[in-house]
Amino acid sequence: MGMGIQIFSAVKKIELSEKDKIYDIAVIGGGLAGLTLAIQSANAGYQTILFEKESYPFHKVCGEYISMESHDFLSQCGVPLQEWNLPMISKLHISDCEGKLYEFQLPLGGFGISRFKLDNTLATIAKQKQVELCEETKVEDVLFQNDLFTIDTKNKKYTTKLVAGSFGKRSNLDIKWRRRFSLKSKNRLNNYIGVKYHIKYDIAKDLIALHNFQNGYCGISKIEDDICCVCYLTTTDQLSSAGNTIEKLEATVLSKNKALADIFSKAQFLYEKPLTIAQISFDQKKQVENGILMVGDAAGLITPLCGNGMSMAMHASSLAFQQMKLFLEGSITREQMENQYSKAWKNQFSKRLAIGRLVQSFFGNPFVTRIFLSTISKTPKLANWLIRQTHGSSFS
Ligand SMILES: Cc1cc2nc3c(=O)[nH]c(=O)nc-3n(C[C@H](O)[C@H](O)[C@H](O)COP(=O)(O)OP(=O)(O)OC[C@H]3O[C@@H](n4cnc5c(N)ncnc54)[C@H](O)[C@@H]3O)c2cc1C
């Protein structure tokens, strides 16, 4: 840890009894980062516990397009991707705010699958591998003392040698620990909302389309069972200028783009109401907070138009586990584990996040979006370069 004893909450007593079980790794948050980290840990024979505040299966706001870089990793984790006959996606269409379409190829490509199915499958695999999976269990706090962590949940405390923080974009723990990004007042990187539906709509299986609108963009692509995932990102200001109602936002702002007008008027919507999240922040975060290795969105969130946050989350879990394993084997100290993980994370992702933020700044303003799209569509090399900069390569 390199900082001596750290206590997150002001005054708190830790009661450790001799008979308390000591886990090797505790994982807070069972999204893709947390579940894949827990599976790697269990595969290596470590006593692993995972806390998830929800109960599987459940839906999540996400575009559900996964870049190919994590295909092999997911298969290694035991996900039967080959058997599922999922839509393989290799084409990208981007429309400007009026609906004028530009066509690109995706060098690496991806596939579509719902989080409902994917996260649930990983949770089932984790349980089969003897991960102690605590659903409907929200972690309230974590304390470090005497070289061990205590995880505090509503009903029980747990003791562990290592902790991974995989609690997503924004959680009660970010607020409690006063993480820097959560204290910032509203700025251009932190006032976004996300909205998602599953729909039935006619779109090619090998295509992901990104439709721009004033202050936002909406992705659509196929997932399993011939269903489409539609997911958009916009600012809270844009929502309030549409009277704070999603229906009005879609009717008056999104539908100015004729591609979106078609989707919203013709599709069959499979949810009774949209799934929404607020307070999305693309601000920088720290990869290690008081001895806890942060993975996935808890370590840094890439703008969704890059379409690879899920792969990055899983890749970060692989990087974190490599270092945790070295520590548990006694090959490195805590301080070395933290430093090496931070360094590996930055090497792998910092540039991608920065380019993601830059590209996002070209979207939202109808004029800038049009100029940007018409420029890159005339220079395919530039388009390919930009897409490649936001994607990594396959990992294990
Ligand atoms: C609008 C939008 C569209 C996107 N589209 C795509 C896309 O098409 N492709 C792509 O690759 N990426 C996309 N992303 C990014 C992607 O969704 C994330 O990068 C990915 O889900 C990160 O996974 P994670 O495991 O870090 O977090 P999550 O999947 O969010 O998991 C975190 C988990 O932690 C749990 N949790 C939180 N606090 C606690 C607590 N205190 N105790 C216990 N559990 C807790 C939560 O319930 C949650 O299940 C999109 C993001 C947004 C906002």
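Above this note sits the structure.
Residues numbered from 1 in each chain as written. Predicted model: local features only at pLDDT ≥ 70, side-chain atom pairs only at ≥ 80, totals over all residues. Heavy atoms only, no water.

1. Quick look at the overall build of the protein chain
In step 1: If you tally the helices and strands in the protein chain, you get 12 helices and 18 strands.
In step 2: Seen through its principal axes, the protein chain has C-alpha atoms that stretch 65 × 45 × 40 Å.
In step 3: Partitioning the intrachain contacts of the protein chain with sequence separation of at least 6 by distance along the chain shows that 73% fall at a separation of at least 24.
In step 4: Accessible surface for the protein chain amounts to roughly 17,400 Å². Of this, 50% is attributable to carbon and sulfur atoms. (Helix = DSSP H or I, 4+ residues; strand = E, 2+ residues; numbered from the N terminus. Contact = heavy atoms within 4.5 Å. Areas by Shrake-Rupley, 256 points an atom, 1.4 Å probe, with all protein chains shown as cover.)

2. Things to note about the site of the ligand
In step 1: Close to the ligand lie 37 residues, the nearest being Glu52, Tyr65, Arg115, Asn172 and Asp297.
In step 2: Within the contact set of the ligand, an oxygen atom lies 3.0 Å away from a backbone nitrogen or oxygen of Ala33.
In step 3: For the ligand, the protein covers 95% of the area, taking 1,000 Å² as the surface of the free molecule.
In step 4: Broken down by secondary-structure element, the contributors of at least two residues to the shell around the ligand are α1 (32-43), α4 (172-176) and α9 (309-328).
In step 5: With 3 residues, the top contributor of residues to the shell around the ligand is α9. (Near = heavy atom within 4 Å. Polar contact = N/O pair within 3.5 Å; in protein donor to acceptor, adjacent residues only side chain to side chain.)

3. Digging into empty space enclosed by the protein
In step 1: Counted by the stated rule, this structure contains 1 cavity of 30 Å³ or more.
In step 2: What the largest cavity holds in volume is close to 60 Å³.
In step 3: If you list the elements that add at least two residues to the lining of the largest cavity, you get α9 and α10 (334-361).
In step 4: Per-element tally for the lining of the largest cavity: the top contributor is α9, with 4 residues. (1 Å grid on protein atoms, 1.4 Å probe; cavity = no way out; pocket = protein on both sides within 12 Å on 5 of 7 lines; lining within 4 Å. Points joined across faces, edges and corners; volume = space filled by probe spheres on them.)

4. Some remarks on the pairing of strand β11 (residues 192-200)
Regular strands place their side chains on alternate faces of the sheet.
In step 1: Most of β11 is tucked away: 8 of the 9 residues are buried.
In step 2: Of the pairings in the sheet, the one linking β11 to strand β14 (residues 228-235) comprises 8 bridges and is antiparallel in character. Along β14, the bridge assignment pairs Tyr197 with Val230.
In step 3: Sheet analysis places β11 next to strand β16 (residues 275-280), joined by 4 bridges and oriented antiparallel. By the bridge assignment, Lys196 is partnered in β16 with Leu275. (Buried < 20%, exposed > 50% of the residue type's maximum accessible area, 1.4 Å probe, protein only. Pairing = 2+ DSSP bridges.)

5. Observations regarding the side chain of Ser342
In step 1: Mapped onto the elements of the fold, Ser342 is located in helix α10.
In step 2: Non-local contacts of Ser342, meaning those with residues more than four positions away in its chain, are made with Gln287 and Val288.

6. Remarks on the layout of surface pockets
In step 1: Volume-wise, the second largest pocket comes out at about 380 Å³.
In step 2: Lining the second largest pocket are 20 residues, and of these Asp283, Gln284, Lys285, Lys286 and Gln287 lie nearest its centre.
In step 3: Residue assignment for the lining of the second largest pocket shows that the elements contributing at least two residues are α5 (180-183) and α10.
In step 4: No other element matches the 6 residues that α10 contributes to the lining of the second largest pocket.

7. Brief notes about the environment of Ser90
In step 1: With respect to the helices, strands and loops of the structure, Ser90 is situated in strand β5 (residues 88-95).
In step 2: A sequence separation of 22 residues divides Ser90 from Met68, and the C-alpha atoms of the two residues are 9.9 Å apart.
In step 3: Setting aside its immediate chain neighbours within four residues, Ser90 contacts Gln105, Leu106 and Asp206.

8. Quick notes on the nonpolar core
In step 1: Ranked by size, the top nonpolar core spans 100 residues in total, and within it Leu74, Leu122, Val142, Ile151 and Tyr341 carry the most contacts.
In step 2: If one sorts the elements of this core by residue count, α9 sits on top with 10 residues.
In step 3: Excluding residues within four positions of it along the chain, Tyr341 makes contact with Gln287, Val288, Leu293, Met294, Val295, Ala316, Leu319, Ala320 and Gln323.
In step 4: In this structure, Ala209, Ile220, Tyr232 and Leu254 belong to the second largest nonpolar core, which totals 24 residues. (Core = buried A, V, L, I, M, F, W, Y, C linked by side-chain atoms within 4.5 Å.)

9. Notes on the environment of Leu122
In step 1: You can see Leu122 is positioned in helix α3 (residues 115-128).
In step 2: Residue classification places Leu122 among the buried residues on the basis of a relative accessible area of 0%.
In step 3: Along the sequence, Leu122 and Val79 sit 43 residues apart, while their C-alpha atoms lie 6.9 Å from each other.
In step 4: Leu122 has contacts with Leu32, Leu35, Thr36, Ile39, Leu74, Cys77 and Val79, leaving out every residue within four places of it along the chain.

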